[in-house]
Amino acid sequence: GSLTKREPSLTKSEWRKKLTPEQFYVTREKGTEPPFSGSYLNNKAPGMYHCVCCDSPLFSSEKKYCSGTGWPSFSEAHGTSGSDESNTGILRRVDTSLGAARTEVVCKQCEAHLGHVFPDGPGPAGQRFCINSVALKFKPGQP
Ligand SMILES: [Zn+2]
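Numbers given to residues run from 1 along each chain, matching the order in which its sequence is written. Where local features are concerned, this predicted model is filtered to residues with pLDDT of at least 70; where side-chain atom pairs are given and counted, the filter is 80 or more; whole-chain, interface and lining totals use all residues. Working from all heavy atoms in the structure, the side-chain values ignore hydrogens and water.

Keep this limit in mind: UniProt positions are given in the numbering used here, feature names are shortened, and annotations may be inferred rather than shown by experiment.
Naming follows an unreviewed UniProt entry, where the chain appears as Peptide-methionine (R)-S-oxide reductase of Myotis lucifugus. Under the Sequence similarities (unreviewed entry) heading, UniProt states for the chain: "Belongs to the MsrB Met sulfoxide reductase family."

## Focus: the overall build of the chain
Which entries qualify depends on this criterion: Secondary structure is summarised from DSSP: a helix means a run of H or I of at least four residues, a strand means a run of E of at least two, and numbering begins at the N terminus for each. Radius of gyration means the value over C-alpha atoms here, while the globule rule gives 2.2 Å times the residue count to the 0.38 power. Between buried and exposed lies partly exposed: a residue is buried under 20% and exposed over 50% of the maximum accessible area for its type, with that area taken using a 1.4 Å probe on protein chains only. Note on contacts: a residue pair qualifies if any of its non-hydrogen atoms lie within 4.5 Å across the two residues. Charged residues are defined narrowly, with Lys and Arg counted positive, Asp and Glu counted negative, and His plus the chain ends left uncounted. To locate a charge, take atom NZ for lysine, CZ for arginine, CG for aspartate or CD for glutamate.
For the chain, the count of helices and strands is two helices and nine strands. When its helices and strands are written in sequence order, the chain yields α-α-β-β-β-β-β-β-β-β-β. Over its C-alpha atoms the chain spans a radius of gyration of 14 Å, differing by no more than 12% from the 15 Å that the globule rule assigns to 143 residues. Taken across its 143 residues, the chain has 45% of its residues classed as buried. Across the chain, the fraction of contacts at a sequence separation of at least 24, relative to all contacts at a separation of at least 6, is 54%. Positive and negative side-chain charges of the chain, numbering 18 and 14 respectively, have mean locations separated by a distance of 3 Å.

## What about the side chain of asparagine 132?
Structurally, the position occupied by asparagine 132 is in the loop between β8 (128–131) and β9 (136–140). Given a relative accessible area of 3%, asparagine 132 falls into the buried group. Asparagine 132 has contacts with Val26, Gly31, Thr32, Glu33, Trp71, His113, Leu114 and Gly115, leaving out every residue within four places of it along the chain.

## Regarding the UniProt feature "domain: MsrB" (unreviewed entry) in the chain
As recorded in UniProt, the sites labelled "domain: MsrB" (unreviewed entry) are residues 12–141. The span residues 12–141 shows a helical share of 12% and a strand share of 35%, and its end C-alpha atoms are spaced 32 Å apart.

## Notes on the side chain of glutamine 23
In this fold, glutamine 23 is placed in helix α2 (residues 21–29). Owing to a relative accessible area of 18%, glutamine 23 belongs among the buried residues under this scheme. Leave out the neighbours within four places in its chain, and glutamine 23 touches Arg28, Val52 and Val134.

## What to know about the coordination of the zinc ion
Here is the rule we go by: The donor set comprises N, O and S atoms within 2.8 Å of the metal, extended to 3.2 Å for Na, K and Ca; water molecules are omitted, so apparent gaps in a site may simply reflect that omission. Tetrahedral means four donors with every angle between 85 and 135 degrees, whereas square planar (four donors) and octahedral (six donors) require angles over 155 degrees between opposite donors and between 65 and 115 for all others; sites fitting neither are termed irregular.
Within the protein, the zinc ion binds to Cys51 (SG), Cys54 (SG), Cys107 (SG) and Cys110 (SG); these donor distances fall in the range 2.3 Å. Taken together, the four donor atoms surrounding the zinc ion define angles of 101 to 115° at the centre, an arrangement classified as tetrahedral.

The following block contains the structure:
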């Protein structure tokens, strides 16, 4: 499957050629798209959200919900089993860039910055994956 396929990691200038300026800024320079600007914010179609950089499947439409924050929100990553994320396409990293520690979400395969996860989501796990639209590529279909 695509989860086991590994692209050799590209240099920043190679990513810059491969991505649009917005995609490069968010995924490679840990940027954030303006709230309510993302193309997938109100997308309710069934399908899978892939990494825009390496095509790894990351989030399913089944776990997408409207958080009202202005960014696409998911209650868990695709492949999550209970609290086990070892079969998902994402990794968590502590991010202290704004002073307070937040948890950054990156693509496991290519280390693209995707967004952050916050402990104020719905359901028993209570998680809100706050993900930039430009870091994702939606593929409609059965998730
Ligand atoms: Zn990726």
